[in-house]
Amino acid sequence: MKKTIMNTKYIWLLTILLGFSACNTPEDILKDFNIDPQTGAELPELVMGSADFSNYVALGGSFTAGFTDNALFIASQENSFPNILSKEFAKVGGGDFTQPLMSDNFGGLALSGNRLPGFDPRLVFGGAGPVPLESVIGQVTVTTDLTSNPTGPFKNLGVPGAKSFHLLGNGYGNIANFPAAANPYAIRLTGTTPDASVLELAMAQSPTFFTLSEIGGNDVLGFALSGGDGSNVITPSAGSVGVGFDATFTYLVSALTSTGAKGVVTNVPYITDLPHFTTVPYNPIPLDAATAGFLNSASAYGAYNAGIVQAFAYLVSVSAISQDDADAEIVKRTINFEASSNNAVVIMDESLTDLTGINPALASMRQATADDLFVLTASSFIGTEAIPGNPQTVNGVAVPLADKWVLIPSEQQTIKEATDAYNNTIAAVANSNENVALVDLKGILAELASTGITFNNYTLNASLVTGGAVGLDGVHLTARGYAYMANKFLEAIDAEFGSNFVASGNVAKAGDYPTNYSPLLQ
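Fair warning: this is a prediction, and the values are worked out from it, not measured in the lab.

Undergrad: Quick one: what's the story with the environment of Ala320, residue by residue and with numbers?
TA: Looking at where Ala320 falls in the secondary structure, it is placed in the loop between helix H13 (301-317) and helix H14 (323-333). Judged by its relative accessible area of 55%, Ala320 falls in the exposed class.

Below you can see the structure in the form of structure tokens.
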């Protein structure tokens, strides 16, 4: 009897499918009837579990805001992972999810009609790689002005660039404190309470559910983006609330769950797996025999190499260094070029022994190796001629790259150690609180960077432009990447709070979200 009933159901469904207008896809219709379009299997009804999604608030950094392609714009915000989540939450009582939408799809920010330096329109694909939008479509007018902000309260409280302690900072969103101590994206959130912290903005809305995502990411990312040159320090683990990561993160979660709200937190990925740090090769310099010979001569690096040998001979003679250590550093610091298309660039390395007291001409520099990572922005000038037409003035060859363009192994280790310490705290906080689920962003990025990830009928990896998961700035996700991230949140929510978003098919579909935005999008 059951088989007959089921057959009748499918005949009825087929009749409905044939009768629907063209604006309804068969996949959408089947989903409405709890049927998996891929397998034809009947799916269970959606249940919400123990969580209350009626008042969802999202706190975090760039990923939470929907930042991509080096900008924030309307389409990217609409495809932010919290907004994607809110669509699924709406099916089980979730309320409206308000966002501080930008004024256009160009991206960029202005103040009193003048563009803010460093907050430019988005990047687009230029055929060979990422290029500024205006290089493709010409100059645009940035219409998102900090003197005219949207009115809150907002459910999406993601602030691009915010570090952990910034979420507790009173005045972080006050335009009177800009640029020294305020974030322009936070300014767009605060409305009539300019000194309210991001956490206070969240708590004022009495959330029943929250996401606290990528906290700790910006605490190490600023250091990495600056090549570890000391201009942007890593937040220490130890320290009081608002100073150290451990106490600050613990306080954030405690406050958000203090009224019974449930939520999801994430750990911190190894950001050096991102294409911003893995795309630029260490050895991109082509040289012919004549140029290589000149660079190796006594008129160029030959004299430097000889000076290094002499300096270490002196240090050995006064017992300041062992002969073995001197020999090892001489090998590391010797600069040599070949007639090849793959010469390594010359970089400054502050971890080397300072020899300038012996000879002021002996700067702490060496040729790069595969263990060094270069920031993506260095690609714009590595290998170019400082004096056009003169191949002996190539940046990265005759002109060594400054510290800010490269992460040497010791700086990478500093980032890893900080990340590991943050993640230990995050795991401990999540494991000790039954109202908190944990999403493993670290594992997701590691998988993207190694084997890749299958998302519906697509394969995502961490390659720039072609990988589909990471946007054109090499740091932030594409819309499809954010959709995958949203699904991992739903997976964690199901496991921790007893819902069944995944099993019931109420998840984001890869094909509904793009991997890039057209330059014509306005």
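From this point, the narrative continues.
Undergrad: Run through a nonpolar patch on the surface, naming residues and quoting values.
TA: A contiguous nonpolar patch, built from Tyr314, Val318 and Ile358 and spanning about 270 Å² of accessible area, is present on the exposed surface. Tracing the backbone shows Val318 in the loop between H13 and H14. For Val318, a relative accessible area of 44% corresponds to the partly exposed category.

Undergrad: I'd love a proper account of the packing of aromatic side chains, names of residues and values included.
TA: Here the distance between the centres and the angle between the planes together describe a pair of aromatic rings. In this structure the tally under the stated criterion is 20 aromatic pairs. Ring geometry for Tyr301 and Phe337: centres 5.9 Å apart, planes at 50°, overall tilted. Taken together, the residues Tyr301 in helix H13 and Phe337 in the loop between H14 and strand S10 (340-343) connect sequence positions 36 residues apart. Exposure class is identical for Tyr301 and Phe337. Each is buried. Aromatic ring contacts, followed pair by pair, group Phe53, Tyr56, Phe89, Phe97, Phe209, Phe497 and Phe501 into a single cluster.

Undergrad: Please set out empty space enclosed by the protein residue by residue, giving values where relevant.
TA: Evaluation of the coordinates by the stated rule reveals three cavities of 30 Å³ or more. Every residue lining the largest cavity is counted, 22 residues in all, and those nearest its centre are Phe63, Pro269, Leu441, Val475 and Leu477. Ranked by the residues each element gives to the lining of the largest cavity, the list is headed by helix H16 (residues 441-449), at four residues. If you add up the space inside the second largest cavity, you get close to 80 Å³. Surrounding the second largest cavity, Ala65, Leu72, Gln77, Gln99, Pro100, Met102, Asn156, Gly158, Pro160, Tyr185, Arg188 and Leu189 form its lining. Counting residues per element, the ones that place at least two in the lining of the second largest cavity are strand S6 (156-158) and helix H7 (184-190). The element that contributes the greatest number of residues to the lining of the second largest cavity is H7, accounting for three residues. Residues of the lining of the second largest cavity, tallied by class, amount to seven nonpolar, four polar and one charged.

Undergrad: Outline unusual backbone geometry, listing residues and values.
TA: Following Gly152, the chain continues into Pro153 via a peptide bond in cis, with omega recorded as 0°. Here Pro153 shows up in the loop between helix H6 (134-137) and S6. Residue Phe178 is joined to Pro179 through a cis peptide bond whose omega torsion reads 5°. Note on placement: Pro179 falls in the loop between S6 and H7. Positive phi outside glycine occurs at Asn70, with the angle close to 65°. By the element assignment, Asn70 lies in the loop between helix H3 (62-65) and helix H4 (74-78).

Undergrad: Break down the nonpolar core for me, with residues and values.
TA: Among soluble globular proteins, nonpolar side chains are generally buried collectively. Within the largest apolar cluster, 94 residues are counted, with the highest numbers of intra-cluster contacts made by Leu212, Phe249, Val265, Phe337, Phe374 and Ile382. Apart from the residues within four sequence positions on either side, Leu212 is in contact with Leu59, Leu167, Phe249, Leu252, Val253, Leu256, Val264, Val265 and Thr266. One finds Phe81, Ala469, Ala492 and Phe501 within the second-largest nonpolar core, a separate group that totals 45 residues.

Undergrad: Please give an account of the layout of surface pockets that cites residues and values.
TA: Think of a ball as big as a water molecule: rolled over the atoms, this probe shows where empty space is left. Within this model, the largest pocket holds a volume of roughly 1,400 Å³. Considering the residues around the largest pocket, the lining is formed by 47 residues, among which Phe67, Asn70, Gly118, Leu225 and His476 are closest to the centre. Per-element tally for the lining of the largest pocket: the top contributor is helix H9 (residues 217-225), with four residues. Taken together, the residues of the lining of the largest pocket break down into 24 nonpolar, 17 polar and six charged.

Undergrad: Account for the sheet that holds strand S15 (residues 436-439), naming residues and giving values.
TA: Spatially, five strands are ordered S6-S1-S7-S8-S15 in an open sheet, and the strand pairing comes out parallel. Two strands lie at the open edges of the sheet, namely S6 and S15, each paired on one side alone. Here the strands of the sheet are splayed against their neighbours by 15° on average, with no regard to which way each runs. Pairing geometry for strand S8 (residues 262-266) and S15, over four bridges, is parallel. Within S15, the position partnered with Gly263 by the bridge is Val436. Set on the sheet, helix H10 (residues 245-257) makes contact with strand S1 (56-60), strand S7 (209-213), S8 and S15; between it and S7 the angle comes to about 170°. Each of S7, S8 and S15 is contacted by helix H17 (residues 479-497), which is oriented at about 140° to S15, the strand it contacts most.

Thresholds applied
Residues numbered from 1 in each chain as written. Predicted model: local features only at pLDDT ≥ 70, side-chain atom pairs only at ≥ 80, totals over all residues. Heavy atoms only, no water. Helix = DSSP H or I, 4+ residues; strand = E, 2+ residues; numbered from the N terminus. Buried < 20%, exposed > 50% of the residue type's maximum accessible area, 1.4 Å probe, protein only. Patch = residues over 30% accessible without salt bridge, like charges linked within 9 Å, V, L, I, M, F, W, Y side chains within 5 Å. Areas by Shrake-Rupley, 256 points an atom, 1.4 Å probe, with all protein chains shown as cover. Salt bridge = Lys/Arg side-chain N within 4 Å of Asp/Glu carboxyl O. Phe/Tyr/Trp six-rings, centres within 6.5 Å; stacked < 30°, edge-to-face > 60°. 1 Å grid on protein atoms, 1.4 Å probe; cavity = no way out; pocket = protein on both sides within 12 Å on 5 of 7 lines; lining within 4 Å. Points joined across faces, edges and corners; volume = space filled by probe spheres on them. Nonpolar A, V, L, I, M, F, W, Y, C, P; charged D, E, K, R; others polar. Core = buried A, V, L, I, M, F, W, Y, C linked by side-chain atoms within 4.5 Å. Contact = heavy atoms within 4.5 Å. Pairing = 2+ DSSP bridges. Axes fitted to C-alpha atoms, helices over the stretch in contact; angles between N-to-C directions.

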